[in-house]
Amino acid sequence: MDINGPMRIGVLHIDGADGWELHFDFREEFQALDLQQQAEEFQRYLTTLASEIASLPEDDRDRQGMLLVQQLSEQLLEYIALGDLALNETIKVQVEQSAAVTSLSDLINSRP
């Protein structure tokens, strides 16, 4: 399942470490919206993401990766709504190695 939304998400394995680095880059179309539109669009994204997650079986690998994206994205909503986030910069999140992150890597890397 694709994670379509206001940002692109990349997964980078960190050599010599037991973890991954997630890169969140906001799409130019999203950056061009005014502050209220960004907050509304991001809230719609979270609602859609939650619905897509709920439609997948508990043991689905895509679901695990999407849950991680959802948790991190929910943390961004407040900052987006306040305009306290530089949307033109890459947000990097370092995450310890886990099955969910491996699933996220599989999810993103399997898409054309």
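In every chain, residue numbers begin from 1 and rise along the written sequence. Since the coordinates come from a predicted model, pLDDT governs what is reported: local features require at least 70, and pairs of side-chain atoms require 80 or more to be given and counted, while whole-chain, interface and lining totals use all residues. The basis for every side-chain value is the complete set of non-hydrogen atoms in the structure, without hydrogens or water.

Trainee: How should helix α2 (residues 35–54) be read in this particular structure?
Mentor: Note on helix geometry: an α-helix contains 3.6 residues per turn, so any two residues three or four positions apart are oriented the same way. The end-to-end C-alpha separation of α2 is 29 Å, in line with the 28 Å expected for 20 residues at 1.5 Å each. Listed as buried for α2 are Q38, A39, F42, Y45, L46, L49 and I53. All buried residues of α2 fall inside an arc of 120° around its axis, so they share one side. Away from its buried face by more than 90 degrees, α2 exposes Q36 and A54. Pairs of residues are marked as contacts when any of their non-hydrogen atoms sit within 4.5 Å. For helices the rule is a DSSP run of H or I covering at least 4 residues; for strands it is a run of E covering at least 2, with both sets numbered from the N terminus onward. Packing partners of the buried residues in α2 comprise β1 (7–13), β2 (19–26), α1 (28–31) and α3 (61–82). Pairs of N or O atoms within 3.5 Å make up the polar contacts considered here, provided that, within protein, one atom can donate a hydrogen while the other can accept it, and that residues adjacent in sequence are counted only when both atoms are side-chain atoms. N-cap assignment for α2: the residue whose side-chain oxygen lies 3.1 Å from the backbone N of Q36 is D34. A helix is expected to reach a length of 1.5 Å times the quantity of its residues less one. Under the scheme applied here, a residue whose accessible area is under 20% of the maximum for its type counts as buried, over 50% as exposed, and between as partly exposed, the area being computed with a 1.4 Å probe on protein chains only. What the arc describes is the spread of directions from the helix axis to the C-beta atoms.

Trainee: Help me understand the nonpolar core, please; the structure alone is not making it clear to me.
Mentor: Grouped burial of nonpolar side chains is what soluble globular proteins tend to show. Working definition of a nonpolar core: buried Ala, Val, Leu, Ile, Met, Phe, Trp, Tyr and Cys residues. They are joined through side-chain atoms within 4.5 Å. Core analysis: the biggest nonpolar cluster contains 23 residues, and M7, F26, F42, Y45 and I80 have the highest contact counts within it. For this core, the secondary structure elements donating two or more residues are β1, β2, α2, α3 and β3 (91–96). Among the elements that make up this core, the one with the highest residue count is α3 (6 residues). The residues touching F26, leaving out its near neighbours within four places in the chain, are P6, M7, R8, Q31, F42, L76, I80, L85, L87 and I91.

Trainee: Mind showing me how you'd approach the pairing of β2 here?
Mentor: Look at any regular strand and the pattern is simple: side chains alternate between the two faces of the sheet. Taken across its 8 residues, β2 has 7 buried, putting it largely inside the fold. A pair of strands is considered paired only if DSSP assigns at least 2 bridges between the two. As paired elements, β1 and β2 share 7 bridges and run antiparallel to each other. Paired with V11 across the strands is L22, a residue of β2. Between the end of β1 and the start of β2, which pair antiparallel, lie 5 residues, with G16 showing a positive phi angle near 75°. Relative to β3, β2 runs antiparallel, the two being bridged by 6 bridges. By the bridge assignment for β3, H23 is matched with K92.

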